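Okay, here's what each chain looks like letter by letter:
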Amino acid sequence: MTKIPKIKFEGFSDKWDVKPLSKIVSISLRPVEKPNKPYWRLGLRSHYKGTFHELVKNPEDVNMDTLYQVRDKDLIVNITFAWEHAIAIANSEDEGKLVSHRFPTYEFNHNIALPEFYRQYLKHPLIKYKLSNASPGGAGRNRVLNKKEFLKIEVPVPSINEQQKIASFLSLLDKKIEKQTKKIEQLGVFKKGMLQKLFSQEIRFKDDNGEEFPTWEEYYLDEIGSFKNGINKDSSDFGHGTPFVNLMDVFGKTCLFNIDFGLVKANDKELKESNLQKGDVLFIRSSVKPTGVGQTCVIMEDLPLTTYSGFLIRFREHSNKSMDNNYKKYVFYNPTFRKQLLAKSTISANTNINQESLKKLKIKVPTIREQQKVGGFLTAIDSKIEKNHEKLKSLVELKKGLLQQMFL
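Residues numbered from 1 in each chain as written. Predicted model: local features only at pLDDT ≥ 70, side-chain atom pairs only at ≥ 80, totals over all residues. Heavy atoms only, no water.

Chemist: I tried to follow the nonpolar core on my own but got confused; where do I start?
Modeler: Nonpolar side chains tend toward joint burial in soluble globular proteins. Formed by 73 residues in total, the largest nonpolar core has its most connected members in Y118, F150, F199, L221 and F283. Element by element, the count of residues in this core is highest for helix α4 (residues 160-199), at 11 residues. F199 has contacts with W216, Y327, Y330, V331, N334, V374 and L378, leaving out every residue within four places of it along the chain. Judged by nonpolar contacts, the second largest core, of 12 residues, contains V250, L256, I299 and Y308. (Core = buried A, V, L, I, M, F, W, Y, C linked by side-chain atoms within 4.5 Å. Buried < 20%, exposed > 50% of the residue type's maximum accessible area, 1.4 Å probe, protein only. Helix = DSSP H or I, 4+ residues; strand = E, 2+ residues; numbered from the N terminus. Contact = heavy atoms within 4.5 Å.)

As structure tokens, then:
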């Protein structure tokens, strides 16, 4: 069988052969006796996330006498979780690691198949579908890959030169994605460091005349504002009524603008007492993970006739204690405040915080002009991170589109 992909490089016009895996790989098991001292074993992550290594400190805990060696460029599959796309091509760091019989290894016929090409092709969603079909049985560990059916899976086999061209191009794109990912990680580390230094006042801004700003003042939150829980509703109350901010609207965000919120039926009293206006801060009351509890989101514009979920607590400043909104985006995320908050939280099934505990927390507040400088500086970092996230997203989407169109 032959096919032509939607996208081909200039100079390559031949149709691609389509062959079963058995034509390009062959089983290659390298049995060794189980070591009598600590050794490294290799595992495969599901969803084509690559290999990982685990040190087996006590071989006595391994109830098998024979293991198998992995070599660079082996095709490896986890027969227990193949249906979850647990497959990989080994790299140089995997050389010599050991696997059990549940991880058969195959060698490529390098005369017709380049591992680098198939390292890219195996990312195609169609491979997961085919691995699933070759793994009969029930759910989870009951679905075991049929190795004979595995070798019947059909894959494209273009010329060696075209395989090399495609592999090199996509590898270059992978490096750009990796570089962009690292850049975002570095910006995140920089932001975290600056957050710590700014709110510990290790770093201070100067006023427009180059003079020092006054000392920061410290307040309990109860001194500068008030708290109000959101409303709890029955499922029948949703889908009609007035705009409603739910937990997922604010989770992971430092600020919120007027968007297309869901709707809830709310009476006049609820709308009067649990409304939202510019400058309000919403605290998350409960989270499965401690990192989520007490996360805040600042309302950046008036939200008329909008109320909010009972999973949230609204903090509203007194009129004479108003802070800069950009400053509020970060003051509740600085390490000192987070440490206070977690110390006041309670743990049951989730980690929780309530109004009374929040009232007893302290924050330090500089002059409004220094607040603006701190908030503006950190907002600029966030804007840079967001732009780099968008660039990364574009690269990932480009790669995804190419995989769909360059491969059969």
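Chemist: Sorry if this is basic, but what is going on with the packing of α4 against helix α11 (residues 368-406) here?
Modeler: A packed helix pair is summarised by two numbers, namely the angle formed by the two axes and the spacing between the axes. Direction vectors running N to C along α4 and α11 enclose 165 degrees, while the axes themselves pass 10 Å from each other. Considering their axes alone, α4 and α11 lie roughly antiparallel with respect to each other. Of the two possible hands of crossing, α4 and α11 adopt the one that is left-handed. (Axes fitted to C-alpha atoms, helices over the stretch in contact; angles between N-to-C directions. Parallel < 35°, antiparallel > 145°, perpendicular 65-115°, else oblique. Left-handed = near helix turned anticlockwise from the far one by under 90°.)

Chemist: How do you make sense of the side chain of Q163 when you look at a structure like this?
Modeler: Residue position: Q163 is located in helix α4. Judged by its relative accessible area of 0%, Q163 is buried. At 2.8 Å, the side chain of Q163 forms a polar contact with the backbone nitrogen of L114. Beyond its immediate chain neighbours, meaning those up to four positions away, Q163 contacts I112, A113, L114, F117, Y118, V157 and P158. (Polar contact = N/O pair within 3.5 Å; in protein donor to acceptor, adjacent residues only side chain to side chain.)

Chemist: Explain the sheet that holds strand β9 (residues 87-89) to me, please; I cannot follow it from the model alone.
Modeler: Pairing between sheet strands relies on hydrogen bonds along the backbone, with the strands arranged either parallel or antiparallel. Within the open sheet, the four strands sit side by side as β3-β11-β8-β9. Their pairing is antiparallel. Edge positions in the sheet fall to β3 (25-27) and β9, since each has one partner strand and no second. Along the sheet, successive strands turn relative to each other by an average axial angle of 25 degrees, direction set aside. As paired strands, strand β8 (residues 75-77) and β9 are joined by three bridges and run antiparallel to one another. Its bridge partner lying in β9, I76 is registered against A88. (Pairing = 2+ DSSP bridges.)

Chemist: Even after reading the chapter, I still don't get the environment of T215, so can you show me in this structure?
Modeler: Inspection of the secondary structure puts T215 in the loop between α4 and β13 (217-220). Between the C-alpha atom of T215 and that of P366, which follows or precedes it by 151 residues, the distance is 6.9 Å.

Chemist: Can you walk me through the sheet that holds strand β23 (residues 346-347) in this structure?
Modeler: One open sheet holds the three strands; their spatial order is β19-β24-β23, and the pairing between them is antiparallel. Looking at which strands have only one partner, the edges of the open sheet turn out to be β19 (286-287) and β23. Direction of pairing for β19 relative to strand β24 (residues 351-352): antiparallel, over a ladder of two bridges. Bridge assignment links S287 to a residue of β24, and that residue is T351.

Chemist: It is not clear to me how unusual backbone geometry should be interpreted in this structure. Could you clarify?
Modeler: The general pattern is negative phi for most residues beyond glycine and trans for most peptide bonds. Unusually for a residue other than glycine, H85 sits at a positive phi of about 70 degrees. Along the chain, H85 falls in the loop between β8 and β9. H85 gets classed as buried once you look at its relative accessible area, which sits at 5%. Phi is positive for Q201, which is not a glycine, with a value near 65 degrees.

Chemist: How do you make sense of the pattern of salt bridges when you look at a structure like this?
Modeler: Side-chain pairing between opposite charges can occur once the charged atoms of the two side chains come close. Per the counting criterion, the structure on display carries 21 salt bridges. Ionic pairing is found between E116 and K73, a salt bridge with its closest N-O pair at 3.8 Å. Taken together, the residues E116 in helix α1 (residues 115-121) and K73 in the loop between β7 (66-69) and β8 connect sequence positions 43 residues apart. On the basis of relative accessibility, which here comes to 26%, the residue K73 falls in the partly exposed class. For E370, the salt bridge identified is with R204, shortest N-O distance 2.7 Å. Of this pair, E370 sits in helix α11 while R204 sits in the loop between α4 and β13, and the two are 166 residues apart along the sequence. Using a relative accessible area of 1% as the deciding quantity, one classes E370 as buried. Here R204 falls in the partly exposed class, since its relative accessible area comes to 27%. It is possible to trace a salt-bridge network through shared partners that takes in R30, D74 and E107. (Salt bridge = Lys/Arg side-chain N within 4 Å of Asp/Glu carboxyl O.)

By themselves, these observations are geometric and do not establish any function.
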